[in-house]
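The residues making up each chain are set out below.
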Amino acid sequence: MNATEIAQEAGATPASMTGFARQSGVIDAGPWAWEIRSVNGRGLDLRLRLPPGLDALEPTLRAAVSARFARGTLNATLTLDSGMVSGALRINRVVLNSVLTAIEDIQSRLDTVPPTPEGILALRGVLEQPSAATIDDLSEADRAALVKGFTAALDGLGAARAAEGKAITTVVLAQVDRVAGLVAAARVAPGRRPEVIAERLASQVRQLVATDSGLDPARLHAEAVLIATRADIQEELDRLDAHVAAARTLLSGPGPVGRKLDFLAQEFGREANTLCAKAGDAMLSGLGLELKAVVDQMREQVQNLE
């Protein structure tokens, strides 16, 4: 089964650790906005930036993140602008009534021009703007709305991470397919045929005997057999095939599998190195080097998965 077929069969795929989401709204205290950025991380790390007075929300927010994600470094910022909400600049009725009473009293005593509305509003205390201190006094409804907005932003982040994870999974599956193809090519490489190996070793033995007549041909033959046994790459090819099957299984389902895939990529690399070391001809060496290159690319990709 190739990468496309696996991607079509899988109902869900591993998620990426990178993504971005934004959620905004308005509460009584003013307009708010959550922005959450997620990048790669060895574990799950949430870094919160909250306005003063909202630290009490942190445990709830952290619990919401832990319930959704297993890995990644999340930077979440809440902005709450109590001074820019429509109608936030309001009239202090108590002060205004006192001012109007004073004006009426003055006008009853003196013949003066009535003050303009702009002049009255300019008097200190008539117009007031909520200060940041009102954030400390948010109602339970406002706090619940901020938490709800955060969970909505997490949903958006989850969708972004899932979409990128799907794209990464397709790339990795194609790389796994390439590994499988290289392993298949190595299995049928002419340099692995017993007669080719035997002739190559026999030629080396003849050269040694020709240069030093004191060498024991029987001993050389035994050593040649031992070298041929050590040079056999059958076990490496079998393990690579097993790793291919394991990788396809992990990539065909949802869940945080990034750590397992990273370990599996290391195992792919170990077998590729051994294959290169044992390669007895140029073709096998070339296949081994290409295998190492694909595995390196694969590991770069799986390190982005949750």
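Whatever comes next refers back to the structure up there.
Residues numbered from 1 in each chain as written. Predicted model: local features only at pLDDT ≥ 70, side-chain atom pairs only at ≥ 80, totals over all residues. Heavy atoms only, no water.

When helices and strands are tallied, the chain shows 10 helices and six strands. Taking all 306 residues of the chain together, 36% fall into the buried category. If you take every contact in the chain between residues at least 6 apart in sequence, the share linking residues at least 24 apart comes to 80%. (Helix = DSSP H or I, 4+ residues; strand = E, 2+ residues; numbered from the N terminus. Buried < 20%, exposed > 50% of the residue type's maximum accessible area, 1.4 Å probe, protein only. Contact = heavy atoms within 4.5 Å.)

Once that is clear, we can look at the nonpolar core. Val179 and Phe268 are the most contacted members of the largest nonpolar core, which has 33 residues in total. The leading source of residues in this core is helix H5 (residues 140-187), at nine residues. Other than its neighbours up to four places away in sequence, Val179 contacts Val244, Phe268, Leu291, Val294, Val295 and Met298. Judged by nonpolar contacts, the second largest core, of 26 residues, contains Ala21, Leu54, Leu78 and Leu154. (Core = buried A, V, L, I, M, F, W, Y, C linked by side-chain atoms within 4.5 Å.)

Here we come to the pattern of salt bridges. Taken as a whole and judged by the stated rule, the model has 17 salt bridges. Among the salt bridges present, the one from Arg37 reaches Glu35, with a minimum N-O distance of 3.4 Å. Accessibility expressed as a relative area gives 46% for Arg37, which makes it partly exposed. Exposure remark for Glu35: the relative accessible area of 27% places this residue in the partly exposed category. (Salt bridge = Lys/Arg side-chain N within 4 Å of Asp/Glu carboxyl O.)

In this structure, the largest pocket occupies an estimated 190 Å³ of space. Around the largest pocket sit 13 residues that line it, and Thr13, Ala15, Arg68, Ala162 and Glu306 are the ones nearest its centre. Top element by residues in the lining of the largest pocket is H5. It accounts for three residues. Split by residue class, the lining of the largest pocket holds seven nonpolar, three polar and three charged. By volume, the second largest pocket amounts to about 150 Å³. Taken together, the residues of the lining of the second largest pocket break down into one nonpolar, four polar and four charged. (1 Å grid on protein atoms, 1.4 Å probe; cavity = no way out; pocket = protein on both sides within 12 Å on 5 of 7 lines; lining within 4 Å. Points joined across faces, edges and corners; volume = space filled by probe spheres on them. Nonpolar A, V, L, I, M, F, W, Y, C, P; charged D, E, K, R; others polar.)

Our focus in this paragraph is the packing of H5 against helix H8 (residues 234-251). For any two helices packed against each other, one specifies the inter-axial angle together with the distance between the axes. Axis separation between H5 and H8 bottoms out at 10 Å; the angle between their running directions is 160°. One way to sum up the angle between H5 and H8 is to call them roughly antiparallel. In the packing of H5 onto H8, the handedness of the crossing is left-handed. Contacts between H5 and H8 involve Thr169, Val172, Leu173, Val176, Asp177, Val179, Ala180, Val183, Ala186 and Arg187 on the former and, on the latter, Gln234, Leu237, Asp238, Leu240, Asp241, Val244, Ala247, Arg248 and Leu251. Classifying every residue of the contact of H5 with H8 by side-chain character gives 12 nonpolar, two polar and five charged. (Axes fitted to C-alpha atoms, helices over the stretch in contact; angles between N-to-C directions. Parallel < 35°, antiparallel > 145°, perpendicular 65-115°, else oblique. Left-handed = near helix turned anticlockwise from the far one by under 90°.)

As summarised here, the arrangement of the four strands in space is S1-S2-S4-S3, forming an open sheet in which the pairing is mixed. A strand with exactly one partner marks an edge of an open sheet, and here the two such strands are strand S1 (19-27) and strand S3 (44-49). Direction aside, the axes of adjacent strands within the sheet are offset by 15° on average. Relative to strand S4 (residues 72-80), strand S2 (residues 30-39) is paired through eight bridges, and the arrangement is antiparallel. For Ala33, the partnering residue across the bridge sits in S4 and is Thr79. Helix-sheet contacts for helix H2 (residues 58-68) involve S2, S3 and S4, and the interaxial angle to S3 is about 145°. Each of S1, S2, S3 and S4 is contacted by H5, which is oriented at about 155° to S1, the strand it contacts most. (Pairing = 2+ DSSP bridges.)

Structurally, the α-helix is built with 3.6 residues per turn, so residues lying three or four positions apart point the same way. Relative to the 26 Å expected for 18 residues at 1.5 Å per residue, H8 spans 26 Å between its end C-alpha atoms, a close match to the ideal helical length. Every buried residue of H8 is accounted for by Glu236, Leu237, Leu240, His243, Val244, Ala247, Leu250 and Leu251. Relative to the axis of H8, the buried residues are bounded by an arc of 140° and lie together on one face. Opposite its buried face, H8 presents the exposed residues Glu235 and Thr249, each directed more than 90 degrees away. (Expected span 1.5 Å × (residues − 1). Arc of directions from axis to C-beta.)

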